[in-house]
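One-letter residues, chain by chain:
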Amino acid sequence: MLDLKLIREETEKVQTALLKRMSPEDLDLQKIINLDNQRRSLLLVLEEKKGERNRSSKAKPTEEIIIKMKVLGEEIKTEEDELNKVELELKEAISALPNLPADDVLSGGKENNQAIYTFGEKPSFDFTPKDHVELATDLGLIDYPRAAKMSGAGFWIYKGAGAQLEWALLNYFTEHHNQRNYRFILPPYLLNESSAYASGHLPKFREDLFWTEDGLCLNATSEMMLNNYHRDEILPTEELPLKYYAYSACFRREAGSYRKEERGMIRGHQFNKMEMFQFTKPEDSWLAFEEILTSAKEMIEGLGLHFQISKLAAGDCSSAMAKTVDLEVWIPSMEIYKEVSSVSNALDYQARRSNIRFKNSNGKNEFVHTLNGSGLATSRLFPAILEQFQTSEGTVKVPVALRKYLPEDLWELKKK
RNA sequence: GGAGAGAUGGCUGAGUGGUCGAAAGCGCCGCACUCGAAAUGCGGUAUACCAGCAAUGGUAUCCAGGGUUCAAAUCCCUGUCUCUCCGCCA
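Please read all numbers here as calculations on a predicted model, not as lab measurements.

(A) Representation of the protein's contact with RNA strand B. Residues in close proximity to RNA strand B total 20 residues, the closest being E47, G51, N54, K58 and M69. Those atoms of RNA strand B that come within 4 Å of the protein belong to sugar or phosphate at a rate of 72%. Between RNA strand B and E47, the relevant distance is 3.1 Å, taken from a base nitrogen to a side-chain nitrogen or oxygen of the residue. Every element with two or more residues in the surface near RNA strand B is listed here: α3 (29-56) and α4 (63-95).

Here's what the structure looks like:
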């Protein structure tokens, strides 16, 4: 949520920034200001009347005053209803506004995304490379048919060496984050509706979430959980920045997505992901952004995978974010870079919605800044490892960084 | 799943319809005393919004949302959470 004061006081600036990610016909700041003016004038009258009622209720009233207050009470009720209506409308209008893109974020949509960094090179094969589905099946790492039997399309089962490789990745991440003093969180996988609103995933992603009969939804990214972790709290200033990382399985309906082009485990209903999250003082958040980005980058580089970093254009960032950078790993069979991590700074946009504050140097409560970055999602790394590190014999050489988590006979994955 | 108890300021805890934004204690901050500290004494100590240049004033907030009443921390309803007992438990 944007600051209403900012909208009122720096309307031009807000307008210009928002136009980087919105079309002019969707943007009407004057409507918001008008609603707020309406709200203020209603408040003025209403509070005066309430004040009068309070003064008359300090002691036992006379019969005459009771009659007067009865009438006043009716008026208050009517005006309160009116105020509530205006406030609701105002809240909806302001909640619909996305965050202000950071200054260095380009306007427009996906087409304006910009590759800003590349690591390694596209592997070239002097044989016909297999895709990851073929490799995973041949090497007995993943069982697709049984997963389909048990749960339907869009699921897979890690088995044997495949499960161990997946687990090794998670161990690799854990160790990486622990070394950087992030606190490990294992959150619940189900969360209630109000949390999904607070994290900003509702109402927008209602169709993309799985829902239980109890009205809970399955975690789609632990960003949802970490966002809510400190909801309605005033964080101890001396503990900032607070750094967390969480592991959870993530569940997404991915309704209407492109199964055909995204075979195997590129896009499924359930995948494993670790998430980094920071709560910082406002002045520290861009530094934290770089730190998270570097951390994610180092993890992929440590695996030796070819990947690139893209700075997303304003319209391609999710709406809560001032800036988002994607780390995308090369999938040879698809000839495309696929996101394995998304690093974002929400500034105070999420904190305002979740009401997470700290005491600033003036002793005033101020909203913190929140940042998050995947660290990392395995479901694209796994295919990338299989495809990028396959050999002409049909085996896969496991990245050195993962070998300490695996028995020696799995350092090269071979057909059994 | 059934029965019961509870939720009050940073904390403990009083308050069962009006003078209660809320006693008391603790904590914290300031001042006094002291060479300094402790102890003691005095004063202060929530948040949000609105009006105002400001001083200040107003409104709301006693888990949340509704309701009753001229008036609600207090009465009624619903929900959430916590605790106790019983049942169930792949």
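(B) Representation of unusual backbone geometry within the structure. The peptide bond linking L240 to P241 adopts the cis configuration, its omega dihedral lying at 0 degrees. Take P241: it is sitting in the loop between β7 (234-235) and β8 (242-251). For the bond running from G375 to L376, omega is -5 degrees, close enough to zero to count as cis. Structurally, L376 is set in strand β15 (residues 369-377). A positive phi angle is found at L347, which is not glycine, with a value near 50 degrees. Inspection of the secondary structure assignment puts L347 in the loop between β12 (336-345) and α11 (349-354).

(C) Examining the pattern of salt bridges more closely. Within the structure shown, the criterion is met by 23 salt bridges. Residue E175 pairs with K404 through a salt bridge whose shortest N-O separation is 2.7 Å. Taken as a pair, E175 in helix α7 (residues 161-179) and K404 in the loop between α13 (400-403) and β17 (412-413) lie far apart in primary sequence, 229 residues in all. Take E175: its relative accessible area is 27%, and that puts it in the partly exposed class. The shortest N-O distance in the salt bridge between R352 and D348 comes to 3.1 Å.

(D) Representation of the nonpolar core in the model. With 60 residues, the main nonpolar core has L141, I142, F173, L305, L327, F382 and L413 as its most contacted residues. The element that contributes the greatest number of residues to this core is helix α10 (residues 285-303), accounting for eight residues. The residues contacting L413, other than those within four sequence positions of it, are L139, L141, A161, L165, L386, T395, V396 and V398.

(E) Local environment of the sheet that holds strand β9 (residues 270-280). If you walk across this open sheet you meet the eight strands as β1-β10-β11-β12-β15-β9-β8-β4, and the pairing is mixed. Each of the sheet's edge strands pairs with one partner strand only, and the pair in question is β1 (114-119) and β4 (183-185). Adjacent strand axes in the sheet meet at a mean angle of 25 degrees when their direction is disregarded. As defined by bridge partners, β8 adjoins β9 across ten bridges and the pair is classed as antiparallel. In the strand pairing of β9, A249 is matched with N272.

(F) Structural view of the packing of α7 against α10. Running from N to C, α7 and α10 point in directions that differ by 135 degrees, and their axes come no closer than 11 Å. Overall, the two elements α7 and α10 adopt an arrangement that is oblique. Read as a crossing pair, α7 and α10 show a hand that is right-handed. Each of L169, Y172, F173, H176 and H177 in α7 lies in contact with α10, whose residues at this interface are S295, E298, M299, G302 and L303. Of the residues belonging to the contact of α7 with α10, the class tally is five nonpolar, four polar and one charged.

(G) Local environment of the domain arrangement of chain A. When its domains are assigned, chain A resolves into domain 1 (4-95) and domain 2 (110-413). The distance between the C-alpha centroids of domain 1 and domain 2 comes to 42 Å.

(H) How the structure looks around helix α12 (residues 378-388). The element α12 is largely enclosed, with a buried count of eleven among its eleven residues. Listed in full, the buried residues belonging to α12 are T378, S379, R380, L381, F382, P383, A384, I385, L386, E387 and Q388.

(I) Region of interest: the side chain of H201. Assignment of secondary structure puts H201 in the loop between α8 (193-198) and β6 (217-218). Among the polar contacts listed, one links the side chain of H201 to the side chain of S199, at a separation of 2.7 Å. Look past the residues within four positions of H201 in its chain and what remains in contact with it is A196, R206, T221, E223 and M224.

About the criteria used
- Numbers given to residues run from 1 along each chain, matching the order in which its sequence is written.
- For this description, chains carry letters from A and ligands carry numbers from 1, given in the order in which they are written.
- Selection of residues for local features in this predicted model requires a pLDDT of at least 70, selection of side-chain atom pairs for listing and counting requires 80 or more, and totals for whole chains, interfaces and linings are taken over all residues.
- Note: side-chain values were computed over all heavy atoms of the structure, leaving out hydrogens and water.
- Near, as used in this document, describes a residue that has one of its heavy atoms within 4 Å of the molecule or strand being considered.
- Distance and chemistry together define a polar contact, namely a pair of N or O atoms within 3.5 Å, with one atom able to donate a hydrogen and the other to accept it when in protein, and with adjacent residues in sequence counting only for side-chain atoms on both sides.
- Only DSSP runs of H or I covering at least 4 residues are called helices, and only runs of E covering at least 2 are called strands; the numbering of each starts at the N terminus.
- Salt bridge criterion: a side-chain nitrogen from Lys or Arg within 4 Å of a carboxyl oxygen from Asp or Glu.
- Exposure categories follow from relative accessible area, calculated using a 1.4 Å probe and restricted to protein chains: below 20% of the type maximum is buried, above 50% is exposed, and the middle band is partly exposed.
- Among the buried residues, those of types Ala, Val, Leu, Ile, Met, Phe, Trp, Tyr and Cys that are joined through side-chain atoms within 4.5 Å form a nonpolar core.
- Working rule for contacts: check all heavy atoms of both residues, and any pair within 4.5 Å makes them a contact.
- Think of it this way: DSSP has to see at least two bridges between two strands before they count as a pair.
- To obtain an axis, a line is fitted to C-alpha atoms, over the contacting stretch when the element is a helix, and the angle between two such axes runs from 0 to 180 degrees between their N-to-C directions.
- Here the angle decides the label: under 35 degrees means roughly parallel, over 145 means roughly antiparallel, 65 to 115 means roughly perpendicular, and every other value means oblique.
- For any pair of crossing helices, the crossing counts as left-handed if the nearer helix is rotated counterclockwise from the farther one by less than a right angle, and right-handed if it is rotated clockwise.
- When residues are grouped by polarity, Ala, Val, Leu, Ile, Met, Phe, Trp, Tyr, Cys and Pro land in nonpolar, Asp, Glu, Lys and Arg in charged, and all others, Gly among them, in polar.
- Domains are outlined according to an automatic or database domain assignment.

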